[in-house]
Amino acid sequence: MAPTPPHTLARSERHPAYAGKRALVADDVVAWATPWEAYAPVEYTHESVLAEPPWADAVDAKDVAELPTRASFEGALVFAPADKGRPRNPRGRTGTTGRGLLGKWGPNHAADPIVVRVKPGSKGEYEMVAIKRNDTGEWAIPGGMVDPGEHVSLTLRREFTEEAGNIEDPKERAEFEAHLDAIFAKGRLIYEGSVDDPRNTDNAWIETTVYLFMITDDAIATSLKLVGGDDATQACWLDLDEAGLASLYADHRVFVERAIAMAAA
Ligand code: RP5
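Residues numbered from 1 in each chain as written. Predicted model: local features only at pLDDT ≥ 70, side-chain atom pairs only at ≥ 80, totals over all residues. Heavy atoms only, no water.

1. Regarding the packing of helix α2 (residues 152–164) against helix α3 (residues 170–183)
- Contact pair α2 / α3: the axes reach a minimum separation of 12 Å and the direction vectors enclose 145 degrees. The two elements α2 and α3 cross, and the hand of that crossing is right-handed. Here α2 contributes Arg157, Phe160, Thr161 and Ala164 to the contact with α3, which in turn contributes Arg173, Phe176, Glu177, Leu180 and Asp181.
- Partitioning the contact of α2 with α3 into residue classes produces four nonpolar, one polar and four charged. (Axes fitted to C-alpha atoms, helices over the stretch in contact; angles between N-to-C directions. Helix = DSSP H or I, 4+ residues; strand = E, 2+ residues; numbered from the N terminus. Left-handed = near helix turned anticlockwise from the far one by under 90°. Contact = heavy atoms within 4.5 Å. Nonpolar A, V, L, I, M, F, W, Y, C, P; charged D, E, K, R; others polar.)

Have a look at this one:
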């Protein structure tokens with residue numbers, strides 16, 4: 001299942017690094033199938049990506065040998081003859097060509113753990129562990145990019161730990177890890193596919209695997225210590241009421257609403 005098309009955040013300048021980096025793409029010309037000869041996207045790849053760090057592809061997409069067979073949840077990658085060997089975003093035009101802040105041509109794979117508890121003392125309302133992103137200042141699922149060769153189950157726990165469990169005290173750290181052993185032992189798949197992320201471009205986009213982890217042990221639910229780290233300034237329990245859902249980054253709201261529905265079923 002896909003987020004509601006056409007993507008909107010991937011056409012926005014919501015991310016601070018994309019200010020002035022997008023041509024306006026109206027709803028009715030997002031689809032590649034709609035001819036638009038005058039389409040003039042802004043070419044933009046951030047200098048940190050052009051420097052070819054280990055997490056990024058070669059500057060020229062034609063130099064990435066395995067690109068045509070790169071795995072995507074959205075089907076086989078599509079290459080248009082005029083696109084210099086660059087794959088096309090399956091959700092349509094974004095107003096930006098190149099890779100922006102993303103390292104890979106085509107899909108950039110992420111994993112998102114939605115860790116939920118019933119709010120202590122409430123009548124059954126849910127809360128989730130959320131982090132405040134450094135880049136946009138929005139609340140988000142504590143997810144992140146899958147490292148090369150890493151199994152998604154490891155990414156889910158690693159990213160949660162890096163972003164929400166930045167705990168130094170050895171005793172507290174051991175308790176946190178023991179809690180994660182219990183929490184991450186059983187997850188439910190919520191979504192696999194493209195994310196409407198404000199960093200997406202015509203040629204590079206984020207795809208994610210989202211899992212729900214429901215905490216049913218009251219002792220764990222009330223004693224799990226949360227400390228923001230890595231690219232998160234804060235980590236805390238976020239109320240999943242309208243205000244909490246509306247504050248979420250990208251289209252994380254869609255994933256979280258699915259998770260709530262599954263938790264309640
Ligand atoms: C989101 O970007 C994904 O759903 C995931 O939460 C996140 C990965 O990017 P970083 O947090 O590593 O920047 O769209």
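2. What to know about the site of the ligand
- Around the ligand lies a shell formed by Asp112, Arg133, Gly143, Gly144, Met145, Val195, Asp197, Arg199, Ile206, Asp231, Tyr249 and His252.
- At 2.7 Å, a side-chain N or O of Arg199 approaches an oxygen atom of the ligand.
- The separation between an oxygen atom of the ligand and a polar side-chain atom of His252 is 2.9 Å.
- Here the ligand has 360 Å² of accessible area as a free molecule, and 93% of this is covered by the chains.
- When the residues that make up the shell around the ligand are grouped by side-chain class, the tally is four nonpolar, three polar and five charged. (Near = heavy atom within 4 Å. Polar contact = N/O pair within 3.5 Å; in protein donor to acceptor, adjacent residues only side chain to side chain. Areas by Shrake-Rupley, 256 points an atom, 1.4 Å probe, with all protein chains shown as cover.)

3. Concerning the pairing of strand β4 (residues 126–133)
- Within β4, seven of the eight residues are buried, which leaves the element mostly enclosed by the surrounding structure.
- Sheet topology note: the strand β3 (residues 106–118)/β4 ladder contains three bridges and is antiparallel. Paired with Val118 across the two strands is Tyr126, which belongs to β4.
- Where β4 meets strand β9 (residues 232–239), seven bridges bridge the pair, whose relative direction is antiparallel. Across the sheet, Val129 pairs through a bridge with Trp237, a residue of β9.
- Two successive antiparallel strands, β4 and strand β5 (residues 139–140), enclose a turn made up of five residues, where Gly137 displays a positive phi of approximately 75 degrees. (Buried < 20%, exposed > 50% of the residue type's maximum accessible area, 1.4 Å probe, protein only. Pairing = 2+ DSSP bridges.)

4. Notes on the environment of Ala76
- Along the chain, Ala76 falls in the loop between α1 (47–50) and β2 (96–100).
- Accessibility expressed as a relative area gives 73% for Ala76, which makes it exposed.
- In the structure, Ala76 is positioned 14 residues away from Pro90 in sequence and 9.5 Å away in space, judged by C-alpha atoms.

5. Observations concerning unusual backbone geometry
- Despite not being glycine, Lys84 has its phi angle at roughly 55 degrees, a positive value.
- Counting through the fold element by element, Lys84 comes out in the loop between α1 and β2.
- Non-glycine residue Ala250 carries a positive phi angle of around 50 degrees.
- Looking at where Ala250 falls in the secondary structure, it is placed in the loop between α5 (242–246) and α6 (252–264).

6. Some words on α2
- Taking 1.5 Å per residue as the helical rise, α2 with its 13 residues ought to reach 18 Å, and the 18 Å between its terminal C-alpha atoms agrees with that figure.
- The inward-facing, buried residues of α2 contact β3, β4, β6 (144–145), α3, β8 (204–214) and β9. (Expected span 1.5 Å × (residues − 1).)

7. Comments concerning the side chain of Asp202
- With respect to the helices and strands, the residue Asp202 is situated in the loop between β7 (188–194) and β8.
- The side chain of Asp202 sits in the buried core without any salt bridge; Arg22 is the nearest counter-charge, 6.2 Å away.
- Within the structure, the side chain of Asp202 is placed 2.6 Å from the side chain of Tyr39, a separation counted as a polar contact.
- Setting aside chain neighbours within four positions, we find Asp202 in contact with Trp32, Tyr39, Pro41, Pro87, Arg88, Asn89, Gly92, Arg93, Thr94, Gly95, Thr96 and Thr97. (Lys, Arg positive; Asp, Glu negative; His and termini not counted. Salt bridge = Lys/Arg side-chain N within 4 Å of Asp/Glu carboxyl O.)

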